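Listed here are the chains, written in short residue letters.
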Amino acid sequence: MKVYSRTSFPLPVEQLNAMVEWLSGFTENKGSGVTRLLYSEEWLEAQEALKRKMEEGGLDTYYDDTGNLFGRLEGTIDADSTVLTGSHIDSVVNGGKYDGAYGIIASFLAVEHLYRKYGRPSKTIEVVSLCEEEGSRFPLTFWGSGNITGVYKDKDITHIADKSGVSLKEAMNKAGFGRGIHRLPYRENIEAFIELHIEQGSVLEKSGNSLGVVTHIVGQRRYTVSIKGKSNHAGTTPMQDRHDAMTTAAELITYITAKVQKADPHLVATVGKLDATPNVPNVIAEEVSFTLDIRHYDEGMLEKVCAEIFQHVEVVSQEKKVNISFSQWTDVKPVEMDAFLQEKAIGVSTRQQLSFQKMLSGAGHDAQLFGTHCPTSLIFVPSVNGVSHSPEEYTKAEDLTQGVQMLTELLYEMAYDKGGEEK
Ligand SMILES: [Zn+2]
């Protein structure tokens, strides 16, 4: 049976791979993965090169004042309301070639192909290369999507600086942004945002599916748990007389892990950092603090499990004769992806016989910010061995191309269906 696909084109495996390699060349440390930090020289070169590439492909380009780059195909019928597609151009230090970059490349190739074959769409499509997502240079994340969606609207950034003391404002100005030269980033005319991204986990690789249609991006809460006991001699203090912060921490970590495992298969909790004082072998620990990162797609589930953990902490605090306090420093709500767009993505995948599944995203993405602002769709392609944020990051060419194929068809249905003309 011939697969129905209006937009199928000789899948540009070589073109796609070549573009991934090309974009990965804009990096600070050549030879050790991709390091492309916000407003750095490499970052600006990458945005400028993408801008030229978009112009060669026939798109009208512009920046907003935070440095998000857009390639626009104006709609013939509806010029204002925009179907936006893309991902982020920044990377972590020594990251991979695909994180963020793949979403920009896929969007560009899809839109360039549609333009070549059908001319201008009836509804405006824009490819976006978002300036920042990772939080690798400055202590803030989602700087690109956060400005477009208004999250950073009234945020005071004067005190935000990188490790060398360069302020965000200074770096932004040096790169040519934040001076009012370009248009304001905030947008209210985005009809839909579609992001293709590598999974950065191993769900798709295990299932053998090429595409993951994300239903929810999980919510995240982070706490620091501080336990205050009494330090004393390791040899002369009987076990029953101790106020031991370390064994209390051990008991709590064991309890939390078991509790979370029992509560729900999608609930995950991590204690990734622990500090002990005085941290010497022959003294009972006086103070121990550890971090707790807990994630789920349902806010109600997070609320319930955290409340039960806090109740148990009270009991342990009395039993172990120590003080325990919790402070929360992250509270990111779960975000549901748009149901209509999910159905559309599933319809396209089914008709094109692309293997797909619905799934959750355990990591944060720009789609999370767009998801509370406009209808949003997040689609994953597999990561080999689930590896990401590493030079080892890799996605097979056939999976990359299936993602582009699906996005092309999806964009056609959303922006051309009302009358794009075949060239
Ligand atoms: Zn990413």
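Whatever comes next refers back to the structure up there.
As a convention, each chain's residues are numbered from 1 in the sequence order in which they are written. Only residues with pLDDT of at least 70 get local features here, since the model is predicted, and only at 80 or more are side-chain atom pairs given and counted; chain-wide, interface and lining totals rely on the full set of residues. Only heavy atoms go into the side-chain values, all of them from the structure, while hydrogens and water stay out.

Draft legend 1. Expanded view of the layout of surface pockets. Buried and open spaces are told apart on a 1 Å grid over the protein atoms alone, a cavity being a set of points where a 1.4 Å probe fits but cannot get out and a pocket being an open set with protein on both sides within 12 Å along at least five of seven lines. Residues with an atom within 4 Å of a point are the lining residues. Grid points are joined across faces, edges and corners, and a volume is the space filled by probe spheres set on the points. In this structure, the largest pocket encloses a volume near 910 Å³. Around the largest pocket, the lining comprises 35 residues; the ones closest to its centre are Gln-220, Ala-363, Gly-364, His-365 and Gln-368. Put simply, DSSP H or I for four residues or longer makes a helix, DSSP E for two residues or longer makes a strand, and each gets a number counted from the N terminus. Looking at the lining of the largest pocket, the elements that each hand over two or more residues are strand 7 (219–228), strand 11 (323–332), strand 13 (356–361) and helix 10 (366–370). Looking at the lining of the largest pocket, the element that brings in the most residues is strand 13, giving three residues. Across the lining of the largest pocket, the residue classes break down as eleven nonpolar, 17 polar and seven charged. In this structure, the second largest pocket spans a volume of roughly 310 Å³. What lines the second largest pocket is a set of 15 residues, and nearest its centre among them are Thr-66, Trp-143, Asn-147, Tyr-152 and Pro-185. Sorting the residues of the lining of the second largest pocket by element identifies helix 4 (143–148) and helix 5 (168–174) as the ones contributing at least two each. By the convention adopted, Pro, Cys, Tyr, Trp, Phe, Met, Ile, Leu, Val and Ala count as nonpolar, Lys, Arg, Asp and Glu as charged, and the other residues, Gly among them, as polar. In the lining of the second largest pocket, the residues fall into seven nonpolar, four polar and four charged.

Draft legend 2. Structural view of the coordination of the zinc ion. Distances up to 2.8 Å from the metal define which N, O and S atoms are donors, and 3.2 Å serves for Na, K and Ca; water is absent from the atom set, so sites may look incomplete. Here the zinc ion is held by His-88 (NE2), Asp-99 (OD) and His-197 (NE2), and the distances to it run 2.0 to 2.1 Å. In terms of primary sequence, the donors binding the zinc ion are separated according to H-x10-D-x97-H. Linking His-88 in strand 3 (residues 78–88) with His-197 in strand 5 (residues 190–198), this pair joins segments that are 109 residues apart in sequence. Assessed through its relative accessible area of 1%, His-197 is described here as buried. Each residue is placed in one exposure class: buried if its accessible area under a 1.4 Å probe, protein chains only, is under 20% of its type's maximum, exposed if it is over 50%, and partly exposed if it falls in between.

Draft legend 3. Broad picture of helix 2 (residues 41–56). When the terminal C-alpha atoms of helix 2 are compared, their 23 Å separation across 16 residues agrees well with the 22 Å that a helix rising 1.5 Å per residue should span. Within helix 2, the full set of buried residues consists of Glu-42, Trp-43, Ala-46, Gln-47, Ala-49, Leu-50 and Met-54. In a view along the axis of helix 2, the buried residues occupy a sector of 165°, so they form one face of it. Among the exposed residues of helix 2, those pointing more than 90 degrees away from its buried face are Glu-41 and Glu-56. Any two residues having at least one pair of non-hydrogen atoms within 4.5 Å are treated as being in contact. Those residues of helix 2 that are buried are in contact with helix 1 (13–24), strand 1 (60–63), strand 2 (69–73), helix 3 (101–118) and strand 4 (123–130). Multiplying one less than the number of residues by 1.5 Å gives the expected span of a helix. Within this analysis, the arc is defined by the directions that extend from the helix axis to the C-beta atoms.

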